[in-house]
Amino acid sequence: MRTTTRPPAATDAAVSATFRINGRAVPLTIEPNVVLLDLLRERAGLTGTKKGCDRGQCGACTVLVNGRRTLSCLALALAHANDEITTVEGLAEGDRLHPVQAAFIEHDAFQCGFCTPGQIVSAVGMLAENHARTEDEIREALSGNICRCGAYPNIVAAVRAVREAG
Amino acid sequence: MSAPVVGTPFDRVDGRAKVTGEARYAADAREAEPLYAVLVQSTVARGRIRAIDESAARAVPGVVEIMTSRNAPRVSAIDFSFEVPSSEQLAPLQDDQIHYDGQHVAVVLARTFEAAREGAALLRIDYDGVPARSRVADVSGFETITQFFGRDAQQRRGDPERAYETSAVTIDATYRTPEETHNPLEPSATIARWDGDELVVHDATQWVNGARSTLMAAFELDETKVRVVSPFVGGGFGCKGFSWPHTQIAAMAARLTGRPVRLVLAREQMFTSCGHRSETEQRLRLGAASDGTLKAVLHDVVTATSRVGTFLEPAGLVSTFLVACPNVAVTHRTARLDIPTPTAMRAPGEATGTYALGCALDELAEQLGLDPLELLRRNHADIDGESGRPYSSKHLLECFARGAERFGWDRRTAAPRSMRENGEYVGWGVATATYPALRAPAQARVTIDQDGRIELASATHDLGTGMYTIIAQVAGDALGVDARGIVVRLGDSALPPAPVAGGSMSTASVAPAVQDAAARVRDRALEIALGTAGSPLHGLRREQVAFADGRLRANDDPSRALSYAQIAQLAGRPLEAVGGAAPGEEEQQYALQSFGAQFCEVRYDEELARVRVTRALGVYDCGRVLNPKTARSQMIGGIVWGIGMAFLEETVRDPRSGAVVTNNLADYHLPVNADVPAIDVLFVEKPDLIFNPLGARGMGEIGITGVAAALANAVYHASGVRVRDLPITSEKLLAGAPVRV
């Protein structure tokens, strides 16, 4: 059906909360209608997480909340004030890329790169879930992340390589 | 000596930035204390705005301004040209007239995104609407289109009607393709700031210089006063090529408020405000002798455009040259509707035209009792039927041969529903791919400073195409340095000019310019190293020295050597050169065109009328391949687009209002990972040195062409049902299936 944007209204005054993002404490004062994606991008300066649709249909905004894959565009920020949030910026250790990041480069698992943070975070979460073993299962488990450039076969190859390397 | 890297599978040099989230797309640009802009769009397709009530919107805490035609800075309408590529002849927010559902009518500006969005939802707009025409069926008279970017849209040779009527075997079939929407994952975005009378814009664009010239025209500024920046683009596929009104609106809002403005289109606005591929109805009449030799091709196209633009989907042009035929007629007509303006979408014309022609040829092969690949071979065009010129380089027959061998085509049995495996019908289809080899003038600059930092700069783009990487490879080889150490800067109108990143022309345009710039810097370095007193190489002749591993050495005494940095130190300033390249007489002497062969396999579960794509192979003749890794990705992406076109994508409008009802990614179906099988890609790799000195032809668009035809032909082969109306869905297969008891 046709959709239009009808946002929640800010019915309460701004409140202060401390968010735990990529292992750091980030104190912020925000209105209750701020969603987690906009908090990351517009308030915390973490623009790696992308807004592709703002309604949970594309997966570009995927982050880990307490290790679980979460669409940050569908999460109210204040509901996650005490949660451990991991974004694409939190995966590498210094200059050392996360194995999924390195595999994405090696297998050319992206083109424009816009869905890539969501694909990588989703793949990291999926590998931890430890259920997708075959290529078909990987395809299914990553089908919530749309890649318009069509890098899917290379994404599967990258994730499979990480999985097989243990 | 470091081995050349052009032609090797080189990892993307922008890969690290993209996998770590450091790559900055337009909406990631940072401005101090910006205002957030949310666009409000018309909800009627034709009429006028009667009244706007701003009171509730203005009462939202944080809302700073509301811009409508009442207070918007004055700008004038711009007619489209390649110099000023404004997609719509419609000056935004200048009057109360409505030309389509989804037209921008207001913009709410607030200190936070949340407040702007809330204000936009509370803005009350009343319209006087009049009945709109949003379907081709609503229109009785069509306009005849004469031109598509310099090519004749009406073409004729021989006596096609008579040849058709006297042919031994004929096909007369009509194919339909729906409206489609580009939907790059990155929504269009413009971040605009005025520094006095200078405008700086971060824009999600495939053409910084096109956006700049449109802004220059709108605000009557010269080119020193407008800068457009777009270092990373999150996919474009054509919808970020020409300029769209939101870019001007962001700059207008920034001028009105005196603050930087961040404007990002919502996903639903991507369906109304940056183009689409228009629907087509294509009647194909083919006539052949009983041995399969084509005698007549008649291709009549009806398409649609808006009342404020002119773009046409030129689907019939492929019929002038894809197969050899002496008698050809191509016509294009268009309906003007109360809808937004269509634009180029990945292979405009070729994607839709190769579908219809590729299916008609398959139907003809069946009538003739010929293998469809054999029919394509027998009607191979040795010269270009449209221009009569020879091809600069054409190896389509080799694509057919290598593809057939790799795919195992000789194991195909001809009859529909004759191949089965594990309870499913298996179908194989084939079709021809093609896209022109275009090229435009381009420049690039190479700078090497006294610390040895090498910078390569051009106002071209990397939409995911691999441009950052391939030009680093070209420059690295030309300079004799490690390509990974080169800093590449793209997507900034302040850099040496380059054409639109569209029409698959960037590689062929920019890479020779990079090669030229690198050669000039190298020459300059030689001159300084050999000609400066105190240089260890002073006095040697050019043939007595050579570059390797970033150093210039004397051939007979390698200890006499200088790095580029040391040469720059000798010069007392950075080594720098701007190089350029442009097409020449070859454009008048040859037909410049890429070809390929698409082979697809589907499996059809008749109980569910469900089709799955299980194999796809593309074999392409695109000249020299500069980077097989990124080239393969481009082609895989094109084939994935073909899967979407064949089975999933359709922009559906409400027939009463013209509003898009599939204006989100749950209702507009894009292929997801589970829809896509393993995809095999081969290149015949014949350098086209007539086309440009690197021998490379573009790859952005050819990958989608022919795929929908190969898939539709495979579906027919599997199911026995010929669906001539994309997308092919279970409902259409069921409607065409024989009744079973």
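On a predicted model such as this, the values are computed, not experimentally measured, just so you know. (Residues numbered from 1 in each chain as written. Chains lettered and ligands numbered in written order. Predicted model: local features only at pLDDT ≥ 70, side-chain atom pairs only at ≥ 80, totals over all residues.)

**Describing the interface of chain A and chain B**
Point 1. Opposite the 56 residues of chain A that make contact, chain B presents 53 residues.
Point 2. For the side of chain A that touches chain B, the elements supplying multiple residues, two or more each, are helix 1 (36–43), helix 2 (99–106), helix 3 (116–129), helix 4 (135–141) and helix 5 (152–165) of chain A.
Point 3. Partitioned by chemical class, the residues of the side of chain A that touches chain B number 27 nonpolar, 16 polar and 13 charged. (Contact = placed C-beta atoms within 7 Å. Helix = DSSP H or I, 4+ residues; strand = E, 2+ residues; numbered from the N terminus. Nonpolar A, V, L, I, M, F, W, Y, C, P; charged D, E, K, R; others polar.)

**Here we look at unusual backbone geometry**
Point 1. Cis rather than trans, the peptide bond between B:Leu726 and B:Pro727 has omega equal to -5°.
Point 2. Here B:Pro727 shows up in the loop between helix 15 (707–719) and helix 16 (730–736).
Point 3. A positive phi is found at A:Asn66, a non-glycine position, where the angle reads about 50°.
Point 4. Within the element layout of this structure, A:Asn66 appears in the loop between strand 3 (62–65) and strand 4 (68–71).
Point 5. Since 12 C-beta atoms lie within 10 Å of it, A:Asn66 is described here as exposed.
Point 6. The phi dihedral of B:Phe237 falls on the positive side, at around 60°, and the residue is not glycine.
Point 7. Tracing the backbone shows B:Phe237 in the loop between strand 14 (226–229) and helix 6 (245–257).
Point 8. Residue B:Phe237 is classed as buried on the basis of its 28 C-beta neighbours within 10 Å. (Buried ≥ 20, exposed ≤ 12 C-beta atoms within 10 Å, placed from the backbone.)

**Some thoughts on the environment of B:Lys225**
Residues and elements named next belong to chain B.
Point 1. Position of Lys225 relative to the elements: it lies in the loop between helix 5 (208–219) and strand 14.
Point 2. The exposure class assigned to Lys225 is partly exposed, which follows from the 18 C-beta atoms found within 10 Å.
Point 3. With residues near it in sequence (within four places) discarded, Lys225 still touches Asp197, Glu198 and Leu199.

**Topic: the sheet that holds strand 21 (residues 442–448) of chain B**
Residues and elements named next belong to chain B.
Point 1. The strand order across the open sheet built from 4 strands is 23-22-21-27, with neighbouring strands paired in mixed fashion. Every other strand in the sheet has two partners, leaving strand 23 (486–489) and strand 27 (575–581) as the edge strands with one partner each. Strand-to-strand twist across the sheet, computed as the mean angle between neighbouring axes with direction ignored, equals 15°.
Point 2. Relative to strand 23, strand 22 (residues 454–457) runs parallel, the two being bridged by 4 bridges. Bridging across to strand 23, Ala457 finds its partner in Arg489.
Point 3. Of the strands in this sheet, strand 21, strand 22 and strand 23 touch helix 10 (residues 467–479), which is tilted by about 135° from strand 23.
Point 4. The strands that helix 11 (residues 506–531) touches are strand 21, strand 22 and strand 27; relative to strand 27, the one it contacts most, it runs at about 145°. (Pairing = 2+ DSSP bridges. Axes fitted to C-alpha atoms, helices over the stretch in contact; angles between N-to-C directions.)

**Describing the confidence of the model for chain B**
Point 1. Averaged over every residue, the pLDDT of chain B is 96; the share at 70 or more is 99%.
Point 2. This prediction of the complex comes with two scores: 0.97 for pTM and 0.97 for ipTM. (pLDDT = per-residue confidence, 0-100.)

**Digging into the sheet that holds strand 25 (residues 551–554) of chain B**
Picture the strands of a sheet paired through backbone hydrogen bonds; they go either parallel or antiparallel.
Residues and elements named next belong to chain B.
Point 1. Judged by pairing direction, the sheet is antiparallel, and its 3 strands sit side by side in the order 24-25-26 without closing on themselves. Since the sheet does not close on itself, it has two edges, and those belong to strand 24 (545–548) and strand 26 (557–563), each with one partner. Strand-to-strand twist across the sheet, computed as the mean angle between neighbouring axes with direction ignored, equals 30°.
Point 2. Note that strand 25 and strand 26 share 4 bridges and pair antiparallel. Its bridge partner being in strand 26, Leu552 is matched across the sheet by Leu562.

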